[in-house]
Amino acid sequence: MSEEYRAMWEALGINMKRHDALLAALPAIYQQVYLSQQRRPQAMGFYDFVVSEIHGLRVKELMDHKAKGGKVFGTFCVYVPEEIIVAAGGIAVGLCGGADFSVPTAEQILPRNLCALIKSAFGFKLGAICPYFQAADLIIGETTCDGKKKTWEILDEYVPTYVMDLPNSRTPADRMLWISELKRFVGEVEKVTGNTITPEKLADATTLINGKRAALARLFELRKARPAPISGLDALLVVQISFYDDPARFTHKTNELCDELEARVKAGQGVAPADAKRILYAGTPMPIPFWTIPALIEATGAVVVAEESCTGTRLLAGGQTTIPGDGIDSQLAAIADRQLQTNCACFTPNDARIEDILRMVQEYEADGVIHFSLSFCQPYNLEGVRVQQALQKAGVPVLLLEGDYTEEQAGRLKTRIEAFIETL
Ligand code: BJ8
């Protein structure tokens, strides 16, 4: 890494020793998991480059933005509306943690019986290891699961943390509450950035984010083809990068990838043979660099054809946000109506998620479903029970898994995944 980057990290207060250790570990892992794959689309070269620059180029862009008076917002949930941040001239970056590296640091403060996603992210802040976290002017939390809710109170002691009150049901009254929360959020973002969000600016930002959503939706549509034109690992990486790359560049590059995949589909080419077992992943999000589950599945010769997850189709639920022309209140209502179609397990009831999974099994021609929940994630662990019942009733093979980011867990999960795929 260049001297310029080192100076930038030092200015951000990064713990250089630990950060060096983290960056030193990444290339070998990436080589083993990603670059060793066969028949990758050429357009994946862009995403490989983004990973090679993971704490470099994009962080520099954020710092340049801040040097011009711009603000950076760290987020943890697809319910935090990127459109509103962009409309005020801000940049949103997803900060969910997917590395075991920072978990022991978090456990110095947080209880151990908390999901790895929260501990990983919190540990990155506590250990001053993540430049995105360091660059954020404001963290946006949300009242989804209890683990996150209570962690925001502690995180606020380290970095200003604003919390959006997401209801846990979706009645008309809950919808009104969420619309009012979006309005409150507009006020907060305007205060932090010093910029007013006009209907025109919000419309432009919504169009930009709609473009990103459309490119990702195109990618998922192409994955329905047989043979699968892209591995589950590569598709997951694209989604993970969507949370922090520049939206316009990401959209452009992802459409280029889709052009290549379209040509592959037309030519009948794929990453795996047409008779490879097709697996639908369902469950908790898989933040970067948590690649274990698709890596284990695809090492067997099977292919992950879709993820029913917030690093998958839940991110795209509700499709494109409509842009009503009669003012900001209607625009916020349209954002809320699109968002409330994301079937997070934090909602009750949440039958639509189960219907989604059953529909996806058909649409993606999945041979089986692997439902994975992070340990101590009560919403997904518990909802997994009903998902399993519904799939068994429909005659769809299903494997219920639970685990964390550690190597030991990967060994245990490998045995179970291999045994399951053998039965298909
Ligand atoms: S909309 S899934 S991104 S909350 S794994 S922290 S639920 S204990 S991440 Fe999520 Fe928004 Fe829902 Fe999606 Fe809690 Fe479970 Fe941990 Fe989780």
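All of the points below concern the structure found in this document.

Notes on the overall build of the protein
A tally of regular secondary structure across the protein gives 19 helices and eight strands. Considered along the principal axes of its C-alpha atoms, the protein spans approximately 55 × 50 × 45 Å. Sorting the 424 residues of the protein into buried and exposed places 57% on the buried side. Pairs at least 24 residues apart make up 74% of the contacts formed inside the protein by residues separated by at least 6 positions. For the protein, the exposed area adds up to about 16800 Å²; of that, 54% sits on carbon and sulfur atoms. A gap of 1 Å separates the mean positions of the 43 positive and 53 negative side-chain charges of the protein.

Examining the packing of aromatic side chains
All told, the structure shown has 15 aromatic pairs when counted by the stated rule. On the basis of an interplanar angle of 20° and a centroid distance of 5.0 Å, the ring pair of Y30 and Y34 is categorised as stacked. With Y30 and Y34 both in helix α2 (residues 16-35), this residue pair falls four residues apart, about one helical turn. One exposure class covers both Y30 and Y34, and it is buried. Note on F46 and Y47: the rings are 5.0 Å apart at their centroids and 80° apart in plane angle, and the pair reads as edge-to-face. Looking at Y47, the relative accessible area reads 0%, which means it is buried. Connected via pairs of aromatic rings, a cluster forms that spans Y30, Y34 and W291.

Some remarks on the environment of V78
The topology assignment puts V78 in the loop between β1 (72-75) and α5 (82-87). C-alpha separation for the pair V78 and E142, spaced 64 residues apart in sequence, amounts to 9.9 Å.

Some points on helix α18 (residues 378-393)
For α18, which comprises 16 residues, the first-to-last C-alpha distance of 23 Å matches the rise-based estimate of 22 Å (1.5 Å per residue) to within 8%. The axis of α18 is deflected most strongly, by about 25°, at G384. Those residues of α18 lying buried are Y380, E383, G384, V387, A390 and L391. On its buried face, α18 sits against β5 (278-283), α15 (313-316), α17 (351-363), β7 (368-374) and β8 (398-403). Among the residues trailing α18, G395 stands out with phi positive, at a value near 75°.

What to know about the side chain of T254
On the secondary structure map, T254 appears in helix α13 (residues 247-267). Assessed through its relative accessible area of 0%, T254 is described here as buried. Leaving out residues up to four positions away in the same chain, T254 has contacts with Y47, A215 and V238.

Focus on the pattern of salt bridges
Oppositely charged side chains are able to pair whenever their charged atoms sit close together. For the coordinates displayed, the defined rule picks out 34 salt bridges. For K60, the salt bridge identified is with D64, shortest N-O distance 3.0 Å. Of this pair, K60 and D64 both sit in helix α4 (residues 57-67), four residues apart, which is roughly one turn of that helix. Classification of D64 as partly exposed rests on a relative accessible area of 35%. A salt bridge links E142 to K148, with the shortest nitrogen-to-oxygen separation between them at 3.1 Å. You'll find E142 and K148 in the same group, each marked buried. Taken together, the shared-partner salt bridges connect E221, K224, D356, R359 and E363 into one network.

Topic: the sheet that holds β1
Within the open sheet, the four strands sit side by side as β2-β1-β3-β4. Their pairing is parallel. The open sheet has two edge strands with one neighbour each: β2 (91-94) and β4 (161-164). Neighbour-to-neighbour, the strand axes of the sheet open up by a mean angle of 30°, direction not taken into account. With three bridges connecting them, β1 and strand β3 (residues 138-142) associate as parallel partners. Within β3, the residue paired with G74 across the bridge is I139. Running at roughly 155° to β3, helix α9 (residues 146-155) makes contact with β3 and β4 of the sheet. Along the sheet, helix α10 (residues 172-193) contacts β1, β3 and β4; its crossing angle with β4, the most-contacted strand, is approximately 160°.

Calculation rules
Residues numbered from 1 in each chain as written. Predicted model: local features only at pLDDT ≥ 70, side-chain atom pairs only at ≥ 80, totals over all residues. Heavy atoms only, no water. Helix = DSSP H or I, 4+ residues; strand = E, 2+ residues; numbered from the N terminus. Buried < 20%, exposed > 50% of the residue type's maximum accessible area, 1.4 Å probe, protein only. Contact = heavy atoms within 4.5 Å. Areas by Shrake-Rupley, 256 points an atom, 1.4 Å probe, with all protein chains shown as cover. Lys, Arg positive; Asp, Glu negative; His and termini not counted. Charge placed at Lys NZ, Arg CZ, Asp CG, Glu CD. Phe/Tyr/Trp six-rings, centres within 6.5 Å; stacked < 30°, edge-to-face > 60°. Expected span 1.5 Å × (residues − 1). Bend = angle between axes of the 7 residues up to and from the residue. Salt bridge = Lys/Arg side-chain N within 4 Å of Asp/Glu carboxyl O. Pairing = 2+ DSSP bridges. Axes fitted to C-alpha atoms, helices over the stretch in contact; angles between N-to-C directions.

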